[in-house]
There are 2 protein chains.
Amino acid sequence: MVTQTEIEKKIKNFPTICRQAGLKVTPQRMAVYNMLASTDSHPTPEAIYAAVRPDLPAISLGTVYKILDLLNLKGILLKVSSLDQAARYDARVTAHHHTACTQCGRIEDLNADSVPAEFVGEESPTGFLPERIEVLVHGLCRDCRHGPTPARYQTK
Amino acid sequence: MVTQTEIEKKIKNFPTICRQAGLKVTPQRMAVYNMLASTDSHPTPEAIYAAVRPDLPAISLGTVYKILDLLNLKGILLKVSSLDQAARYDARVTAHHHTACTQCGRIEDLNADSVPAEFVGEESPTGFLPERIEVLVHGLCRDCRHGPTPARYQTK
DNA sequence: GTTCCTGCAAAGGTTTTGCACCATA
DNA sequence: TATGGTGCAAAACCTTTGCAGGAAC
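Fair warning: this is a prediction, and the values are worked out from it, not measured in the lab.

Regarding the packing of aromatic side chains
All names here are of chain A.
Now for step 1: Across all of its chains, the model carries two aromatic pairs over all chains by this definition.
Now for step 2: Relative to tyrosine 33, the ring of phenylalanine 14 lies with its centre 4.4 Å away and its plane at 10°, an arrangement referred to as stacked. Remark: tyrosine 33 occurs in helix H2 (residues 27-37) and phenylalanine 14 occurs in helix H1 (residues 4-20); sequence separation between them is 19 residues.
Now for step 3: Judged by its relative accessible area of 1%, phenylalanine 14 falls in the buried class.

And the structure:
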């Protein structure tokens, strides 16, 4: 739950955050950020576009995509569960987790013991019934830390 | 790491698993499953298609998609970090996690204390440098457990 | 005034769909 | 033989890109 004052604080600080990141402050960026800061709904780019259009009728969906991508890159926003565009499949269906390289997109198995499986099958206070937990550790794989950066979207 | 015998066992059991799930066993399904069971690489549909084509030159990419979707639905395969197709954004950049409803696609914040953040920033034995951990709990949201199933891809 | 951003439109990539033919059971 | 799966092609969908005009600093 996000309180009213937290929202206002975020919105008030946004211009400063932008300038610190070397970004210009525009009405489009403020509208997109304000919309996201005011909701818990994790909207899609399309939904954000629809929400800001009443205030900025001339804004384009492409601009929304550019703003989201840029703010995510600067760490001002977060893209939820972001893998590279294509889906990835795994024949292991038992509980295990994955590492995802932010450089090359490679996905590897993570054999961690720290699987927070304790609350699967139990109803949470919000009424959500957990069925399966997925942990994705983002970071740099061995190759990308050492050798030159491989091409994106490689399958290996 | 998947050992040779584990792979062979999975491949050998696949026809039985299929029939138990009410699915016919076809060369295309066997090829797709065998390829996935034999690798740790979490390939994309395109990569799977390329890998099975030498054995089944007539197979189509559409069929690969259908097989993957179906086997994932039956729990025989796993789609890694599967959200509905569109991206989702969040203005909260501090460590927190998400629940994703498998029925309606709704994403909500999860204020769990059990954040496995202990190994962020430390190199793992495989050479992977973790930067950020993302936990996605799949399950059923309150509305989908009680009321009728809402439309997919809703933003609320 | 310079730099960077926006809006538009087109293109790119991924995934889904419909249907006639074919294989499995 | 009946059911369900495949192959093909088209379409749908999401996202990226290029560029000319415009806004922020």
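A short note on the protein's contact with DNA strand C
Now for step 1: With respect to spatial proximity, 21 residues lie near DNA strand C, and among them Lys24(A), Thr26(A), Gln28(A), Lys66(A) and Tyr65(B) are the closest.
Now for step 2: Atoms of DNA strand C within 4 Å of the protein belong to the sugar or the phosphate in 75% of instances, the rest to bases.
Now for step 3: Within the side chain of Lys66(B), one N or O atom sits 2.9 Å away from a base oxygen of DNA strand C.
Now for step 4: Among the secondary structure elements, those contributing two or more residues to the surface near DNA strand C are H2 and helix H4 (61-73) of chain A together with helix H4 (61-73) of chain B.
Now for step 5: The element that contributes the greatest number of residues to the surface near DNA strand C is H4(A), accounting for three residues.
Now for step 6: Residue classes in the surface near DNA strand C are distributed as ten nonpolar, five polar and six charged.

Calculation rules
Residues numbered from 1 in each chain as written. Chains lettered and ligands numbered in written order. Predicted model: local features only at pLDDT ≥ 70, side-chain atom pairs only at ≥ 80, totals over all residues. Heavy atoms only, no water. Phe/Tyr/Trp six-rings, centres within 6.5 Å; stacked < 30°, edge-to-face > 60°. Helix = DSSP H or I, 4+ residues; strand = E, 2+ residues; numbered from the N terminus. Buried < 20%, exposed > 50% of the residue type's maximum accessible area, 1.4 Å probe, protein only. Near = heavy atom within 4 Å. Polar contact = N/O pair within 3.5 Å; in protein donor to acceptor, adjacent residues only side chain to side chain. Nonpolar A, V, L, I, M, F, W, Y, C, P; charged D, E, K, R; others polar.

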